[in-house]
Amino acid sequence: MHGFNADTEALGEAILRYVEGRMRLDPVPLDGPRTIEALQGAVGATITAGGMGGLATLRLFGKEIATACMSSDHPRYLSFIPCAPTEAAVMFDLVVAASGIYAGSWLEGAGAVFAENVALRWIADLAGLPPEAGGVFVPGGTIGNLSALVAARSAARIRQTESGSMAPRATRVAVQQGAHSSIRSACDVMDADLVSVPGDEHQRLSGDHLRTVLEAEGPETFFAVVATAGTTNFGIVDDLASVAQVCAEFGIWLHVDGAYGGAGLAAPSVRHLFDGIEQADSFIVDPHKWLFAPYDCCALLYRDPVAARGPHTQKASYLDVLTDAQWNPSDYSIGLTRRARGLPLWFSLATHGTDAYTEAIERTLVVTRFAEAEIGRRPYLEALREADLSVVVFRRRGWEAEDYHAWSAEMMREEFAFVVPTSHEGETVARFAIVNPTTTEDDIVAILDTMA
Ligand SMILES: Cc1ncc(COP(=O)(O)O)c(C=O)c1O
């Protein structure tokens, strides 16, 4: 199994041909799920005592397994938050896998960690975070949010201990209703309580509403406020400047969840929406969403990384050799062993330059604005809200929930588009999340035409 021989060489060539072939598909087939029974019948027994051989296994993967997975990089995959990695990032993921890099510590992965940190610094600069800001690439926004909240709670406990206060420990997190489900999940994992702040007239978390809730509930009971820079359902960016001001006033940690929307920092046409983000204590953005990296990749940044080390640094005699290192990524999130998952983003940024990222993000915003205009032009459609970023939510006049579901299922069955409905205040509605620069105006028109 180990060692490079003639079989390995043939398999290597086949894998590179497969990867190249997949990348050349334009567009890639949408594909779709199959039942366990259908997969069992088509795939059969694959793990056997003698093995099937690499070439046969690769053929089976391409024919039966890959085709039962939707292509989230398809230009008409507009559900949830798609993923449209650059070819450079995808290919470099292969290099990362082949390089035997342990990226949990500086001792073992200094070069990789250095390069990942360059990519993190680019993001920190976009947000206007100070020079000492830093963090780690984690698997996704859920883990990023959890780690940030763990750091926030630890910082609050340290402050309380240092102040000699005998008050009960802060156990609550303030958040607006539109925040991602992972915030609730993080609170459940941490046994913390979520307190909902009503949105303003634009459905944003704002300083005024936050202050009202904090004062009514007791600000000392909160260890964090979570603002969202691009909600999942609507792409709404909270009023970060006023929220940051209130957090500073009460001395509460501000975490900004930009898992989806944070990429908008690189787009001049929407950058102003993020004003105030430079005051965040922690911030996440998922490059696997709108920064064109493959799964799975979330950039987690702390204003003061020292605050994250207390609860995250693992201590043991066998780890002593790792202390005093320049930067151990595992000090900033839950988990010790890690893949250098930030490297595909770093490689693609280094390859193409940041202007290309700005252009690609702006291109998706142009298509979003086109979609809004098309919706406005069609009497049978109506947008629920003007898009802050690249999510458009709209209703088909006269449709009930089952009409949306039937329409969505039919487009999926035909492998034409993947657009699942969402709901808002109990009403089922349609939603586009446009983060793929290969999604065109024609794609939008073609989908909207099916709703006539
Ligand atoms: C705003 C926001 N936060 C957090 C997440 C969770 O990210 P992940 O799915 O990478 O865990 C998402 C996912 O869509 C999101 O949109």
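Up top is the structure these notes are about.
Residues numbered from 1 in each chain as written. Predicted model: local features only at pLDDT ≥ 70, side-chain atom pairs only at ≥ 80, totals over all residues. Heavy atoms only, no water.

Visitor: Explain the overall build of the protein here, please?
Guide: Along the protein, the regular secondary structure elements total 15 helices and 11 strands. Relative to the 2.2 N^0.38 estimate, which gives 22 Å for 452 residues, the radius of gyration of the protein is 23 Å and therefore close to what a compact globule would have. Projected onto its principal axes, the C-alpha coordinates of the protein cover approximately 65 × 65 × 45 Å. Within the protein, buried positions represent 50% of all 452 residues. (Helix = DSSP H or I, 4+ residues; strand = E, 2+ residues; numbered from the N terminus. Rg over C-alpha atoms; globule rule 2.2 N^0.38 Å. Buried < 20%, exposed > 50% of the residue type's maximum accessible area, 1.4 Å probe, protein only.)

Visitor: I keep staring at the sheet that holds strand E4 (residues 222–228) and nothing clicks. Help me out?
Guide: Whenever strands of a sheet pair, they do so through backbone hydrogen bonds, lying parallel or antiparallel. Reading across the sheet, the seven strands line up as E1-E7-E6-E5-E4-E2-E3 and stay open at both edges, with mixed pairing between neighbours. Of all the strands in the sheet, just strand E1 (134–138) and strand E3 (193–197) have a single pairing partner and so form its edges. Taking each pair of neighbouring strands and ignoring which way they run, the sheet shows an average axis angle of 20°. Both strand E2 (residues 172–176) and E3 contribute to a ladder of five bridges, which runs parallel. Bridging from a neighbouring strand, glutamine 176 pairs with valine 197 of E3. Of the strands in this sheet, E1, E2, E4, strand E5 (253–257), strand E6 (282–285) and strand E7 (298–302) are in contact with helix H6 (residues 141–163), which crosses E7 at around 15°. (Pairing = 2+ DSSP bridges. Axes fitted to C-alpha atoms, helices over the stretch in contact; angles between N-to-C directions. Contact = heavy atoms within 4.5 Å.)

Visitor: Even after reading the chapter, I still don't get the site of the ligand, so can you show me in this structure?
Guide: Inspection of the region around the ligand gives 15 residues, with Gly141, Thr142, Thr232, Asp257 and Asp286 positioned closest. Between the ligand and the protein, one listed contact pairs an oxygen atom with a side-chain N or O atom of threonine 142 at 2.7 Å. In the model, an oxygen atom of the ligand is placed 3.2 Å from a nitrogen or oxygen of the lysine 289 side chain. For the ligand, whose free accessible area comes to 390 Å², the fraction covered by protein is 84%. For the shell around the ligand, the secondary-structure elements that each account for two or more residues are H6 and helix H10 (287–290). With three residues, H6 is the largest single contributor of residues to the shell around the ligand. For the shell around the ligand, the per-class residue count stands at three nonpolar, nine polar and three charged. (Near = heavy atom within 4 Å. Polar contact = N/O pair within 3.5 Å; in protein donor to acceptor, adjacent residues only side chain to side chain. Areas by Shrake-Rupley, 256 points an atom, 1.4 Å probe, with all protein chains shown as cover. Nonpolar A, V, L, I, M, F, W, Y, C, P; charged D, E, K, R; others polar.)

Visitor: When you look at empty space enclosed by the protein in this model, what are you seeing that I'm missing?
Guide: To find the voids left in a structure, one rolls a probe of water-molecule size over its atoms. One pass over the full model with this rule turns up one cavity of 30 Å³ or more. Of the volumes computed, that of the largest cavity is approximately 40 Å³. Every residue along the wall of the largest cavity is listed here: Asp93, Pro294, Tyr295, Asp296, Cys297, Arg339, Arg341 and Pro344. In terms of residue class, the lining of the largest cavity is made up of four nonpolar, no polar and four charged. (1 Å grid on protein atoms, 1.4 Å probe; cavity = no way out; pocket = protein on both sides within 12 Å on 5 of 7 lines; lining within 4 Å. Points joined across faces, edges and corners; volume = space filled by probe spheres on them.)

Visitor: Sorry if this is basic, but what is going on with the packing of helix H1 (residues 6–24) against helix H4 (residues 87–98) here?
Guide: In helix packing, the relevant descriptors are the interaxial angle and the interaxial distance, both defined with respect to the helix axes. At a minimum axis distance of 11 Å, the contact between H1 and H4 shows a crossing angle of 165°. Taken together, the axis directions place H1 and H4 in an arrangement best described as roughly antiparallel. Crossing of H1 over H4 shows right-handed handedness. Every residue of H4 that contacts H1 at Leu16, Val19 and Met23 is listed here: Glu87, Val90, Met91 and Leu94. (Parallel < 35°, antiparallel > 145°, perpendicular 65-115°, else oblique. Left-handed = near helix turned anticlockwise from the far one by under 90°.)

Visitor: Where do I start with the packing of aromatic side chains in this structure?
Guide: Any pair of aromatic rings gets described here by the distance separating the centres and the angle formed by the planes. Per the stated rule, a full pass over the model turns up 14 aromatic pairs. Between phenylalanine 292 and tyrosine 357 the ring centres are 5.7 Å apart and the planes differ by 45°, which places this aromatic pair in the tilted class. Here phenylalanine 292, found in the loop between H10 and E7, pairs with tyrosine 357, found in helix H13 (residues 354–377); they are 65 residues apart in sequence, far enough to count as distant. One exposure class covers both phenylalanine 292 and tyrosine 357, and it is buried. Taken together, a centroid distance of 5.2 Å and an interplanar angle of 85° make the contact between tryptophan 399 and tyrosine 404 edge-to-face. Members of the aromatic cluster, each reached through a chain of ring pairs, are Tyr77, Phe80 and Phe418. (Phe/Tyr/Trp six-rings, centres within 6.5 Å; stacked < 30°, edge-to-face > 60°.)

Visitor: In this structure, what is going on with the pattern of salt bridges? I would like to understand it.
Guide: Two side chains with opposite charge may pair up if their charged atoms get near one another. Throughout the structure, instances matching the rule amount to 24 salt bridges. With a shortest N-O distance of 2.8 Å, glutamate 64 and arginine 34 are connected by a salt bridge. Note that glutamate 64 is positioned in helix H3 (residues 54–65) and arginine 34 in the loop between H1 and helix H2 (36–43), a separation of 30 residues in sequence. Look at arginine 34 and you get partly exposed, because its relative accessible area is 35%. Note that aspartate 286 is salt-bridged to lysine 289, the shortest N-O span being 2.4 Å. (Salt bridge = Lys/Arg side-chain N within 4 Å of Asp/Glu carboxyl O.)

Visitor: Please clarify how the environment of tyrosine 260 should be interpreted in this entry.
Guide: Relative to the elements of secondary structure, tyrosine 260 occurs in the loop between E5 and E6. When residues no more than four places from it in sequence are discounted, the contact partners of tyrosine 260 are Ile81, Gly230, Thr231, Gly235, Lys289, Trp290, Leu389, Ser390, Val391 and Val435.

Visitor: Looking at this structure, I do not really get the pairing of E5. What am I missing?
Guide: Along any regular strand the residues' side chains alternate between the sheet's two faces. For E5, the buried fraction is high: five of the five residues fall into the buried class. The alternating pattern of E5 places Trp253, His255 and Asp257 and Leu254 and Val256 on opposite faces, both of which are buried. Inspection of the sheet shows E4 paired to E5 by five bridges, in the parallel sense. Paired with valine 226 across the bridge in E5 is histidine 255. Here three bridges tie E5 to E6, and the two strands are oriented parallel to one another. From the neighbouring strand, valine 256 faces E6, where its bridge partner is phenylalanine 283.

Visitor: Please explain the side chain of threonine 86 as it appears in this structure.
Guide: Checked against the element boundaries, threonine 86 lands in the loop between H3 and H4. Polar side-chain contacts of threonine 86 include one of 2.7 Å to the side chain of serine 348. Apart from the residues within four sequence positions on either side, threonine 86 is in contact with Phe292, Ser348, His352 and Tyr357.

Visitor: Teacher, can you tell me more about the layout of surface pockets here?
Guide: What the largest pocket holds in volume is close to 1300 Å³. The wall of the largest pocket is formed by 40 residues, among which Arg22, Val28, Asp73, Pro85 and Val90 lie closest to the centre. Looking at which element gives the most residues to the lining of the largest pocket, the answer is H1, with five residues. For the lining of the largest pocket, the residue count by class is 26 nonpolar, eight polar and six charged. Considered as a void within the structure, the second largest pocket measures approximately 520 Å³ in volume. In terms of residues, the lining of the second largest pocket owes the most to one element, strand E10 (residues 422–424), which gives three residues. Taken together, the residues that form the lining of the second largest pocket break down as six nonpolar, 12 polar and two charged.

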